[in-house]
Amino acid sequence: PSVPSRHGAVKAEDTFKTSPFHLDLWFYFTLQNWVLDFGRPIAMIILPLEWFPLNKPSAGDYFHMAYNVITPFLLLKLIERSPKTLPRSMVYVSIITFVMGASIHLVGDSVNHRLIFSGYQHHLSVRENPIIRNLKPETLIDSFELLYYYDEYLGHSMWYIPFFLILFIYFTGCFTPAAGQSRMPLPALLLVGPSSLYYWYLVTEGQIFILYIFTFFAMMALVLHQRRKGLVLDSNGLFLFLSFIITLLLIAAWVGWLWNDKTLRKKYPGVIYIPEPWAFYTLHMSNLHAAK
């Protein structure tokens, strides 16, 4: 007998359903992540400043607005295609929190990125920035630190925690007893590279390595637990799991490359040293861009 599943109870027959690889959803998901999230600061740098005055939203802000609408929609569609009935109440709360966190981040990130045109340097802390430390009255510095907190801490937490939670919830339904279903089609293999590279950007720029590694360890533990039951990952689960594995390798390569960078070491002290790509850009590449 099955249990009513309107609010997420699991049906007995769900356990043995399998799903084909969701090429359309994974492709749209990867494409919009690259264009609307990774492409935000690039669009702001490339497009002429005259088109988007500093007191108006930038092109990157409009990208962010589109991301805040499209991403939760795709996440909901992904959950709908799970062969297993998932806890809907948790999914709904996660989506609501995700939208709120991404919207908070939109405002803080917009102002912080516009400050670059005034000489703000992302590889320095707020109080160490030349354009900030000379502000009068000094209480204005506290306001900029509050803005930075909303952007880098509160916004990121409310954005990324539900994002990874939804991916993990979906991952729990990606198991099948059919060994023949546990392989990735060619389109999945072609998408895994861009997907992994985006997650690298997400983890490094968002400074969410701990959240990412805990999610990865939870995935690994679930895979080992389900294997004891004779269940293996289907093509969608393999795609997500392999993307996370490659992401970890990319993060290790990134940290190894910048291991001896004294300036970035100063901004990112502590045991976990993972510099942000945007901080690397303002430190090492912004002068090249200005010269051009």
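What you see is a predicted model, and the numbers here were worked out from it, not measured in a lab.

J.: Sorry, what's going on with the overall build of the protein chain here?
T.: Of regular secondary structure, the protein chain possesses 10 helices and 2 strands. For 292 residues, the compact-globule formula gives about 19 Å, and the C-alpha radius of gyration of the protein chain, at 21 Å, lands near that figure. Each of the 292 residues in the protein chain was classed as buried or not, and the buried ones make up 47%. Considering only contacts in the protein chain between residues 6 or more positions apart, those separated by 24 or more positions represent 78%. With the model as given, the accessible surface of the protein chain reaches about 14,900 Å², and the carbon-plus-sulfur share is 68%. The protein chain carries 22 positive and 18 negative side-chain charges, and their two centres are separated by 7 Å.

J.: Help me understand helix α2 (residues 59-80) in this model?
T.: Look at α2: 32 Å from first C-alpha to last across 22 residues, which is about the 32 Å you get at 1.5 Å a residue. Of the positions making up α2, those classed as buried are A59, G60, D61, H64, Y67, N68, T71, P72, L74, L75, L78 and I79. Lining the buried residues of α2 we find α1 (23-46), α3 (88-114), α5 (139-171) and α6 (186-206). One side-chain oxygen at the N-terminal end of α2 lies 3.3 Å from the backbone nitrogen of G60; it belongs to S58.

J.: I would appreciate a short explanation of the UniProt feature "transmembrane region" (unreviewed entry) in the protein chain in the present structure.
T.: Here, the residues flagged by UniProt with the feature "transmembrane region" (unreviewed entry) are residues 62-79, 91-108, 159-179, 186-202, 208-225 and 237-259. As a span, residues 159-179 carries 62% helix and 10% strand, and end to end its C-alpha atoms are 35 Å apart.

J.: What is the right way to read the pattern of salt bridges from this model?
T.: Oppositely charged side chains can pair when the atoms bearing their charge come close. With the rule as written, the count across this model stands at 7 salt bridges. For R81, the salt bridge is made with D24, and the minimal N-O distance between the two is 2.8 Å. A residue pair is termed long-range when its members are at least 10 positions apart, and R81 in the loop between α2 and α3 and D24 in helix α1 qualify at 57 residues. With relative accessibility at 32%, the residue R81 sits in the partly exposed group. Salt-bridge contacts for E128 lead to K266; the nearest nitrogen and oxygen are separated by 4.0 Å. Remark: K266 occurs in helix α9 (residues 262-267) and E128 occurs in the loop between α3 and α4 (130-133); sequence separation between them is 138 residues. For E128, a relative accessible area of 33% corresponds to the partly exposed category.

J.: Quick question: what am I supposed to make of the environment of L264 here?
T.: Of note, L264 is situated in helix α9. By relative accessible area, which is 0% here, L264 ends up buried. Between the C-alpha atom of L264 and that of L74, which follows or precedes it by 190 residues, the distance is 35 Å. Apart from residues no more than four positions distant in its own chain, L264 is found in contact with H123, L258, Y273, P275, A279, F280 and L283.

J.: Hey, could you run me through the side chain of T172 in this one?
T.: Looking at the secondary structure, you find T172 in the loop between α5 and β1 (175-176). Classification of T172 as buried rests on a relative accessible area of 19%. Setting aside chain neighbours within four positions, we find T172 in contact with K84, L86 and L222.

J.: How should I be thinking about the packing of α5 against helix α7 (residues 209-228) in this particular structure?
T.: Pairs of packed helices are described in terms of their axes, by the angle between the two and the distance that separates them. Between α5 and α7, whose axes approach to 10 Å, the crossing angle comes to 10°. The angle between the axes of α5 and α7 places the two elements in the roughly parallel class. Contacts between α5 and α7 involve Y160, I161, F164, F168 and F171 on the former and, on the latter, L211, Y212, T215, A218, M219, L222 and V223. Split into classes, the residues belonging to the contact of α5 with α7 amount to 11 nonpolar, 1 polar and no charged.

J.: Sorry if this is basic, but what is going on with the nonpolar core here?
T.: Inside soluble globular proteins, nonpolar side chains tend to come together where they are buried. Counting 60 residues, the largest nonpolar core has W26, F163, F171, Y199, L240 and F244 as its most contacted members. Among the secondary structure elements, those contributing two or more residues to this core are α1, α2, α3, α5, α6, α7, α8 (235-257) and α10 (277-291). Counting residues in hydrophobic clusters, the runner-up holds 6 residues, among them L115, V126, I132 and I141.

J.: Is there a simple way to think about the packing of aromatic side chains in this case?
T.: What describes a pair of aromatic rings is the distance from one ring centre to the other and the angle between the planes of the rings. This structure, assessed with the given rule, holds 34 aromatic pairs. Both rings, one in F216 and one in F241, keep their centres 5.8 Å apart while their planes meet at 20°; by these two values the pair is stacked. You can see F216 sitting in helix α7 and its partner F241 sitting in helix α8, a full 25 residues away along the chain. Residue F216 is classed as buried on the basis of its relative accessible area, which comes to 5%. Judged by relative accessible area, F241 falls into the buried class, the value being 14%. Taking the centre distance of 6.0 Å and the plane angle of 80° together, the rings of W259 and Y273 count as edge-to-face. Of this pair, W259 sits in the loop between α8 and α9 while Y273 is found in the loop between α9 and α10, placing the two residues 14 residues apart along the sequence. A relative accessible area of 3% means that Y273 is categorised as buried. We note R265 situated over the ring of W259; from NZ or CZ to the ring centre the distance is 4.1 Å. It is R265 that lies over the ring of Y273; its NZ or CZ is 4.2 Å from the centre.

What counts and what doesn't
Residues numbered from 1 in each chain as written. Predicted model: local features only at pLDDT ≥ 70, side-chain atom pairs only at ≥ 80, totals over all residues. Heavy atoms only, no water. Helix = DSSP H or I, 4+ residues; strand = E, 2+ residues; numbered from the N terminus. Rg over C-alpha atoms; globule rule 2.2 N^0.38 Å. Buried < 20%, exposed > 50% of the residue type's maximum accessible area, 1.4 Å probe, protein only. Contact = heavy atoms within 4.5 Å. Areas by Shrake-Rupley, 256 points an atom, 1.4 Å probe, with all protein chains shown as cover. Lys, Arg positive; Asp, Glu negative; His and termini not counted. Charge placed at Lys NZ, Arg CZ, Asp CG, Glu CD. Expected span 1.5 Å × (residues − 1). Polar contact = N/O pair within 3.5 Å; in protein donor to acceptor, adjacent residues only side chain to side chain. UniProt positions renumbered as here; feature names shortened; annotations may be inferred. Salt bridge = Lys/Arg side-chain N within 4 Å of Asp/Glu carboxyl O. Axes fitted to C-alpha atoms, helices over the stretch in contact; angles between N-to-C directions. Parallel < 35°, antiparallel > 145°, perpendicular 65-115°, else oblique. Nonpolar A, V, L, I, M, F, W, Y, C, P; charged D, E, K, R; others polar. Core = buried A, V, L, I, M, F, W, Y, C linked by side-chain atoms within 4.5 Å. Phe/Tyr/Trp six-rings, centres within 6.5 Å; stacked < 30°, edge-to-face > 60°. Lys NZ or Arg CZ within 6 Å of the ring centre and 35° of its normal.

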